[in-house]
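Next come the chains, spelled out residue by residue.
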Amino acid sequence: AQDQSGMLGIAIDPSFATNRSVYVYMASTLPSSTGQSGTNNRVVRLTVNADYTAFSNRVDIVTGISYAGGAHSGGRIKFGPDGFLYITTGDNHDGALPQSPTRLGGKVLRVDRNGAAAPGNNAPAGFDPRIY
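The following refers to the structure shown.

Thresholds, definitions, all that
Residues numbered from 1 in each chain as written. Predicted model: local features only at pLDDT ≥ 70, side-chain atom pairs only at ≥ 80, totals over all residues. Heavy atoms only, no water. Helix = DSSP H or I, 4+ residues; strand = E, 2+ residues; numbered from the N terminus. Rg over C-alpha atoms; globule rule 2.2 N^0.38 Å. Buried < 20%, exposed > 50% of the residue type's maximum accessible area, 1.4 Å probe, protein only. Contact = heavy atoms within 4.5 Å. Areas by Shrake-Rupley, 256 points an atom, 1.4 Å probe, with all protein chains shown as cover. Core = buried A, V, L, I, M, F, W, Y, C linked by side-chain atoms within 4.5 Å. Salt bridge = Lys/Arg side-chain N within 4 Å of Asp/Glu carboxyl O. Phe/Tyr/Trp six-rings, centres within 6.5 Å; stacked < 30°, edge-to-face > 60°. Pairing = 2+ DSSP bridges.

So, about the overall build of the protein chain. Within the protein chain, the regular secondary structure consists of one helix and seven strands. Going residue by residue from the N terminus, the α and β elements of the protein chain occur as β-α-β-β-β-β-β-β. In terms of overall dimensions, the protein chain is globule-like: its C-alpha atoms have a radius of gyration of 14 Å, near the 14 Å expected for 132 residues. For the C-alpha atoms alone, the extent of the protein chain along its principal axes is close to 45 × 35 × 25 Å. Residue burial in the protein chain is summarised as follows: out of 132 residues, 44% are buried. Considering only contacts in the protein chain between residues 6 or more positions apart, those separated by 24 or more positions represent 44%. With the model as given, the accessible surface of the protein chain reaches about 6,800 Å², and the carbon-plus-sulfur share is 55%.

Structure (structure tokens):
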């Protein structure tokens, strides 16, 4: 955790009763899927055990979300009525970040439970397809 960062959001899978999945938006020092080193924000999927005392099966489903010293990291996540996970990301006090078609900061992302772009996002050509 640093400044306005750390664990920023949590969402319970709509099928929790059968898959026991919880999603967390958080800062991490692990490299992103694109090889970005240093701290970046990400969404991870975890499985809760039967007696609610531990998590396992961590899967990082979205990585490389912009991070700048913990300022304006964003982090609200929620499943919509369409069953997709909506992720709001912060602008990191960087006015150019929300305008970037490929960087994930300052955006609303809509993904499936594995982090892939949801069908119908309609991101323009050249944009990250997870941008909604």
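Structure shown, so let's carry the discussion forward.
Counting 15 residues, the largest nonpolar core has Y23, V43, V62, I65, I77, L85 and I87 as its most contacted members. Looking at this core, the elements that each hand over two or more residues are strand 2 (21–28), strand 4 (55–65), strand 5 (74–79), strand 6 (85–89) and strand 7 (108–111). If you tally residues by element for this core, the top one is strand 4, at three residues. V43 has contacts with Y23, V24, Y25, V59, D60, I61, V62, I65, I77, L85 and I87, leaving out every residue within four places of it along the chain. Formed by seven residues, the second largest nonpolar core is a distinct cluster that contains V24, M26, V44 and L46.

Another aspect to go through is the pattern of salt bridges. Under the counting rule described, the total for this entry stands at six salt bridges. A salt bridge links D60 to R58, with the shortest nitrogen-to-oxygen separation between them at 2.7 Å. Across the salt bridge formed by D82 and R110, the nearest N and O atoms sit 2.8 Å from each other. A residue pair is termed long-range when its members are at least 10 positions apart, and D82 in the loop between strand 5 and strand 6 and R110 in strand 7 qualify at 28 residues. Overall, R110 belongs to the buried group, its relative accessible area being 6%.

Turning our eyes to something else, we now look at the packing of aromatic side chains. Aromatic rings in a pair are described by how distant their centres are and how their planes are angled relative to each other. Going through the model one piece at a time under the given rule, you end up with three aromatic pairs. Here F16 and Y52 contribute two aromatic rings whose centre-to-centre distance is 6.4 Å and whose plane-to-plane angle is 20 degrees, an arrangement assigned as stacked. Here Y52 lies in the loop between strand 3 (40–48) and strand 4 and F16 lies in helix 1 (residues 16–19), a separation of 36 residues in the sequence. Note on F16: relative accessible area 16%, which makes it buried. With 5.6 Å between their ring centres and 85 degrees between their planes, Y86 and Y132 make a pair best called edge-to-face. Taken together, the residues span a long stretch of sequence, with Y86 in strand 6 and Y132 in the segment after strand 7 at a distance of 46 residues.

Side chains of strand 6 alternate between two faces, with L85, I87 and T89 buried and Y86 and T88 left unburied. Two strands pair when backbone bridges link them, and strand 5 and strand 6 are joined in this way by four bridges, in the antiparallel orientation. In the strand pairing of strand 6, G74 is matched with T89. Taking the residues that link successive antiparallel strands as the turn, the strand 5-strand 6 hairpin has five residues, and the phi of G83 there is positive, at about 85 degrees. In this structure, strand 6 lies alongside strand 7, joined through four bridges in antiparallel fashion. Counted as the bridge partner of I87 is L109 from strand 7.

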